[in-house]
Amino acid sequence: MSPLVLHSDTERDLISGCISGDRKAQKGLFQMYGATMYAICLRYAQNKSEAEDILQEGFVRVFQYIKHFNFEGSFEGWLKKIMINTSLKYNQKHKFCIEYDTFAVNSMEEYEDPEIIHTLHAEELMSYIRQLPDGYRMVFNLYIIEGFSHKEIANMLQIEEVTSRSQLLKARKLLQEKIIAHQKLAI
Amino acid sequence: MKLDHQFDKLIRDKLKFHQTEVPEHLWEKIEVQLPRKSNKFIFTLAGIMTISFTLILFYIRMSDAGQPTRRVEYNFRTMLPSEKFASAQINAKKPIPLGENQQELATIKSNIDISHQTKNTGTLYTDNISSSIGVNQTETKFNSSTPINQFEADKLNIIDPKVNLTIPELHKPANIQSLFGHFNTQNRVKYKNKDACLVQFDGYRKKYFLELVNSVDLPVKHLSAMGDDQIKYINARKSTENVFLSFSTGFRAGLAITRNLEIMAGGQFSQINEQFDYTDPESSQTKIIIIKSYVKNSMGETIDSVITQQTIHIPGTHTYKIQNHYRFIDLPIVLGYQIFSKRRFSVFANTGIIANLKFMQKGAILDDDAITISKFNENQPNNIFLENAGFSSYTGINIKYALSPGLQISLEPNLRHQFSSLTNDDYPALQKYTTIGVQGGLRFIF
């Protein structure tokens with residue numbers, strides 16, 4: 001049974017408007033959630049241009065399928081799911097081959113102080129994530145931020161579970177290196 | 001490992017609810033890809049009305065066909081054009097001499113069948129009426145050999161000598177023959193073709209018709225700003241766009257519900273023509289100037305001349321003339337009421353609703369920066385105009401002239417007014433038209 005989610009009147013009105021094809025409601029919904037969804041797209045994309053394409057494609061799909069939203073779960077969660085799926089499809093469609101290497105990497109020992117992340121702005125952190133190779137970036141986002149398991153990620157990306165794990169370790173290592181480099185520069 | 005988890009959590013907390021400002025132009029890009037709001041309501045309404053109208057026509061036609069005789073209300077006076085006839089009937093108290101009458105009937109070849117139905121309200125019902133040019137020859141015919149000595153004029157109960165008669169004895173064929181013989185004898189009325197036309201149009205209450213119409217239109221454009229900051233833009237558009245003579249063409253199928261009332265529905269294509277004059281500010285015109293310099297001496301006399309040539313570029317001089325066409329496919333539903341009728345002429349006041357089925361545009365207009373332009377064509381949706389123009393009102397005065405029992409020509413000065421703007425909600429201006437037109441029509445009556 002789905003958990004009870006309360007939708008605000010504004011959100012409900014906007015969704016109903018979008019279902020009936022009202023352009024103003026569609027614009028209102030875009031203005032309400034555009035910034036959150038754009039941030040998600042930016043994490044999955046390599047650059048802003050790609051992120052804009054994904055957001056555009058994602059919202060077109062949202063308006064296309066919004067009639068199937070039955071007000072039972074969180075609408076924002078539903079939107080996020082569409083944006084993530086669109087991001088994954090975009091990467092599969094526009095990048096002929098995403099390399100997923102399977103070498104095992106040990107957990108980082110030299111990374112002593114995770115609190116260093118507090119010194120970073122979210123935008124800086126996002127730009128470091130965008131610099132990760134495509135395969136690393138996908139797994140990193142899906143596992144760490146979205147909270148999917150390696151099994152789920154393996155299904156979504158059609159890779160081995162072990163590959164997902166190794167990608168995550170490498171992504172984490174690479175990101176930590178970038179953060180440490182940033183810290184050294186700051187000092 | 002523990003550090004990794006801590007690292008993951010910190011990143012998740014920092015990014016999970018992060019928002020990034022969306023570039024301004026992105027909504028426009030999305031909007032272009034979105035399907036326009038469906039016009040299901042309008043199409044459904046138009047469909048229901050068309051089907052209903054067709055079914056009503058079909059039902060009436062079938063119910064007519066199912067009856068043994070066609071019952072048509074007929075005005076006696078209309079059938080007989082001369083008013084002298086009526087006054088002559090008032091005085092007819094005696095049996096009428098015959099021989100001459102018989103000959104008269106034979107001459108005019110008008111066969112009249114008045115069978116079995118009379119009405120005390122003063123209107124005579126006949127099964128059919130035909131003349132020498134009539135559409136249906138009736139079965140009951142009178143010929144010169146039939147004795148016509150049974151007519152009893154004193155049984156005629158004349159209620160209104162100018163308009164209606166109640167004739168209880170008319171069901172007897174012999175009496176009918178006598179009566180019409182008498183009419184012709186007394187008044188020497190010859191049934192010519194034009195009178196037969198009158199009989200046809202004034203007599204029938206139920207008529208189906210198909211009308212082909214063409215109209216020459218002069219549109220009046222209503223262009224208004226959504227806000228004060230757009231007035232400059234609207235003025236720029238008004239100064240660059242001019243409406244031209246336009247047209248519409250189509251058909252109307254209809255039914256005469258009563259003698260004075262008819263309903264029509266059909267299909268119509270109309271086009272509004274405009275010219276957009278645009279001066280491209282980035283264009284430049286290249287001109288070659290020839291300069292002739294004169295060399296003069298100290299006395300001021302010209303002793304020589306030098307010709308030089310220069311090329312100059314004049315900016316913003318290229319003016320384009322773009323023909324804009326706004327095309328509409330409409331479903332008109334019109335109700336007509338007869339306000340005047342005399343012989344072959346009749347005048348109807350028409351009013352109704354025009355439901356748009358499809359609205360198409362081709363051409364270009366100024367953008368809201370009043371500098372650049374937006375082009376649009378029929379094959380691609382655009383951000384400016386809707387795909388459906390909604391409803392319009394229709395008013396017209398239809399002047400008809402009967403050429404024959406089955407054919408009429410008409411002239412109809414008319415006014416059409418669009419109820420709603422043709423532009424999208426997001427477009428900063430409202431644009432709609434009122435069209436004044438003169439419509440010529442050709443009506444085929446069945």
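As a starting point, this report considers the structure included with it.

So, the overall build of chain B
Link 1 in the chain: Scanning chain B from terminus to terminus reveals nine helices and 15 strands.
Link 2 in the chain: The buried share among the 446 residues of chain B stands at 43%.
Link 3 in the chain: Expressed as a percentage of contacts within chain B between residues at least 6 apart in sequence, the contacts between residues at least 24 apart total 74%.
Link 4 in the chain: Element-wise, carbon and sulfur atoms account for 58% of the exposed surface of chain B, whose accessible area totals about 24,000 Å².

A word on the overall build of chain A
Link 1 in the chain: Of regular secondary structure, chain A possesses eight helices and zero strands.
Link 2 in the chain: Ordered by position from N to C terminus, the α and β elements of chain A give α-α-α-α-α-α-α-α.
Link 3 in the chain: Sequence-distant contacts, at least 24 apart, represent 71% of the contacts inside chain A between residues at least 6 apart.
Link 4 in the chain: Surface summary for chain A: the accessible area is close to 9,400 Å², and the carbon and sulfur share equals 51%.

A closer look at the interface of chain A and chain B
Link 1 in the chain: Contacts between the two partners involve 45 residues from chain A and, on the opposite side, 32 residues from chain B.
Link 2 in the chain: Where chain A abuts chain B, roughly 3,700 Å² becomes buried across the two surfaces, and 64% of that area is made up of carbon and sulfur atoms.
Link 3 in the chain: On the surface where chain A and chain B come into contact, there are two salt bridges.
Link 4 in the chain: Inspection of the chain A/chain B interface yields seven residue pairs in polar contact (both at pLDDT 80 or more).
Link 5 in the chain: Contributing elements (two or more residues each) for the side of chain A that touches chain B: helix H2 (23-44), helix H3 (48-65), helix H5 (122-131), helix H6 (134-145) and helix H8 (161-186) of chain A.
Link 6 in the chain: Tallying contributions element by element places H2(A) first for the side of chain A that touches chain B, with 12 residues.
Link 7 in the chain: Tallied by class, the residues present in the side of chain A that touches chain B amount to 24 nonpolar, 10 polar and 11 charged.

So, a negative patch on the surface
Link 1 in the chain: Residues B:Glu21, B:Glu24, B:Glu28, B:Asp425 and B:Asp426 make up a contiguous surface patch of negative charge.
Link 2 in the chain: Residue classification places B:Glu21 among the exposed positions, given a relative accessible area of 72%.

Section: the pairing of strand S10 (residues 318-342) of chain B
Residue and element names in this part refer to chain B.
Link 1 in the chain: Inspection of the sheet shows strand S7 (residues 261-280) paired to S10 by 18 bridges, in the antiparallel sense. Paired with Ala265 across the strands is Ile333, a residue of S10.
Link 2 in the chain: Pairing of S10 with strand S11 (residues 345-366), which is carried by 17 bridges, proceeds in the antiparallel orientation. Directly across from Phe328, in S11, lies its bridge partner Phe359.
Link 3 in the chain: The turn joining S10 and S11, which pair antiparallel and follow one another in sequence, is formed by two residues; a positive phi near 50 degrees is taken by Arg343.

Brief notes about the side chain of A:Arg43
Link 1 in the chain: Assignment of secondary structure puts A:Arg43 in helix H2.
Link 2 in the chain: Given the relative accessible area of 2%, A:Arg43 is considered buried.
Link 3 in the chain: Within polar-contact distance, the side chain of A:Arg43 engages the side chain of A:Glu146 at 3.2 Å.
Link 4 in the chain: Ignoring anything within four residues of it in the chain, the contact list for A:Arg43 reads A:Met126, A:Ile129, A:Arg137, A:Asn141, A:Ile145, A:Glu146 and B:Leu15.

Things to note about the nonpolar core
Link 1 in the chain: Ranked by internal contacts, the top residues of the largest apolar core, which has 65 residues, are A:Leu29, A:Leu55, A:Phe63, A:Phe75, A:Phe140, A:Ile179 and B:Ile11.
Link 2 in the chain: A per-element tally of this core places H2(A) first, with 12 residues.
Link 3 in the chain: For this core, the domains that each give at least three residues are domain 1 (9-79) and domain 2 (105-186) of chain A.
Link 4 in the chain: Beyond its immediate chain neighbours, meaning those up to four positions away, A:Phe140 contacts A:Ile129, A:Leu132, A:Ile145, A:Leu168, A:Ala171, A:Arg172, A:Leu175, B:Phe7 and B:Ile11.
Link 5 in the chain: In terms of nonpolar packing, the next biggest core, distinct from the first, is built from 22 residues, B:Tyr233, B:Tyr278, B:Ile384 and B:Tyr427 among them.

Some remarks on empty space enclosed by the protein
Residue and element names in this part refer to chain B.
Link 1 in the chain: Under the defined criterion, the tally for this structure stands at six cavities of 30 Å³ or more.
Link 2 in the chain: Reported here for the largest cavity is a volume of approximately 180 Å³.
Link 3 in the chain: Ser270, Asp330, Ser392, Arg416 and Gln418 are the residues nearest the centre of the largest cavity, which is lined by 19 residues in total.
Link 4 in the chain: Those elements giving two or more residues to the lining of the largest cavity turn out to be strand S6 (241-256), S7, S10, S11, strand S14 (407-418) and strand S15 (429-445).
Link 5 in the chain: Looking at the lining of the largest cavity, its residues break down into seven nonpolar, nine polar and three charged.

Description of unusual backbone geometry
Link 1 in the chain: Unlike most non-glycine residues, A:Gln158 shows phi in positive territory, near 55 degrees.
Link 2 in the chain: Considering the arrangement of structural elements, one finds A:Gln158 in the loop between helix H7 (150-157) and H8.
Link 3 in the chain: For A:Gln158, a relative accessible area of 69% gives the class exposed.
Link 4 in the chain: Even without a glycine there, the phi angle at B:Arg343 is positive, about 50 degrees.

With respect to the packing of aromatic side chains
Both the distance between ring centres and the angle between the ring planes are used here to describe each pair of aromatic rings.
Link 1 in the chain: Tallying each qualifying case throughout the model produces 19 aromatic pairs over all chains.
Link 2 in the chain: Taking 5.9 Å as the distance between ring centres and 40 degrees as the angle between the ring planes, the aromatic pair formed by A:Phe59 and A:Phe63 counts as tilted. In this pair, A:Phe59 and A:Phe63 both sit in helix H3, four residues apart, roughly one turn of the helix. There is no split in this pair, since A:Phe59 and A:Phe63 are both buried.
Link 3 in the chain: Between the NZ or CZ atom of B:Lys400 and the centre of the ring of B:Phe348, over which it lies, the distance is 4.0 Å.

Scoring rules and cut-offs
- Each chain carries its own residue numbering, running from 1 in the direction its sequence is written.
- Following the order in which they are written, the chains are lettered starting with A and the ligands numbered starting with 1.
- In keeping with the predicted nature of the model, local features appear solely for residues at pLDDT of at least 70, side-chain atom pairs appear and are counted solely at 80 or more, and the whole-chain, interface and lining totals rest on all residues.
- Note: side-chain values were computed over all heavy atoms of the structure, leaving out hydrogens and water.
- Helix numbers and strand numbers start at the N terminus; a helix is a DSSP run of H or I with at least 4 residues, a strand a run of E with at least 2.
- When a residue's accessible area, from a 1.4 Å probe over protein chains only, is under 20% of the maximum for its type it is buried; when over 50% it is exposed; and in between it is partly exposed.
- Contacts between residues were defined by any pair of non-hydrogen atoms, one from each residue, lying within 4.5 Å.
- For the area figures, the Shrake-Rupley method with a 1.4 Å probe applies, and any residue is considered shielded solely by the protein chains shown.
- As used here, buried area is the combined drop in accessible area, with a 1.4 Å probe, of two parts when they are placed together.
- Take a side-chain nitrogen of Lys or Arg and a carboxyl oxygen of Asp or Glu: if they are within 4 Å of each other, that pair is a salt bridge.
- We call two N or O atoms a polar contact when they sit within 3.5 Å, provided that within protein one can donate a hydrogen and the other can accept it, with sequence-adjacent residues counted only if both atoms are side-chain atoms.
- Throughout this entry, Asp, Glu, Lys and Arg are counted as charged residues, while Ala, Val, Leu, Ile, Met, Phe, Trp, Tyr, Cys and Pro are counted as nonpolar. The remaining residues, Gly among them, count as polar.
- Note on patches: the residues involved have over 30% relative accessible area and no salt bridge, like charges join within 9 Å, and the nonpolar side chains Val, Leu, Ile, Met, Phe, Trp and Tyr join within 5 Å.
- Under the counting rule used here, the positive set is Lys and Arg, the negative set is Asp and Glu, and His together with the chain ends is not counted.
- One atom stands in for each charge, and that atom is NZ of Lys, CZ of Arg, CG of Asp or CD of Glu.
- Pairing between two strands requires that DSSP report at least two bridges joining them.
- Here, nonpolar core means buried Ala, Val, Leu, Ile, Met, Phe, Trp, Tyr and Cys residues that are tied together by side-chain atoms lying within 4.5 Å of each other.
- For the domains described, the bounds stem from an automatic or database domain assignment.
- Cavity and pocket criteria rest on a 1 Å grid covering protein atoms alone: a 1.4 Å probe that fits but cannot get out defines a cavity, protein on both sides within 12 Å along at least 5 of 7 lines defines an open pocket, and an atom within 4 Å of a point defines a lining residue.
- Grid points are joined across faces, edges and corners, and a volume is the space filled by probe spheres set on the points.
- When two rings of Phe, Tyr or Trp (its six-membered ring) have centres within 6.5 Å they constitute a pair, described as stacked for plane angles under 30 degrees, edge-to-face for angles over 60, and tilted for the intermediate range.
- A ring is considered to have a charge above it if a Lys NZ or an Arg CZ atom is located within 6 Å of its centre and within 35 degrees of its normal.

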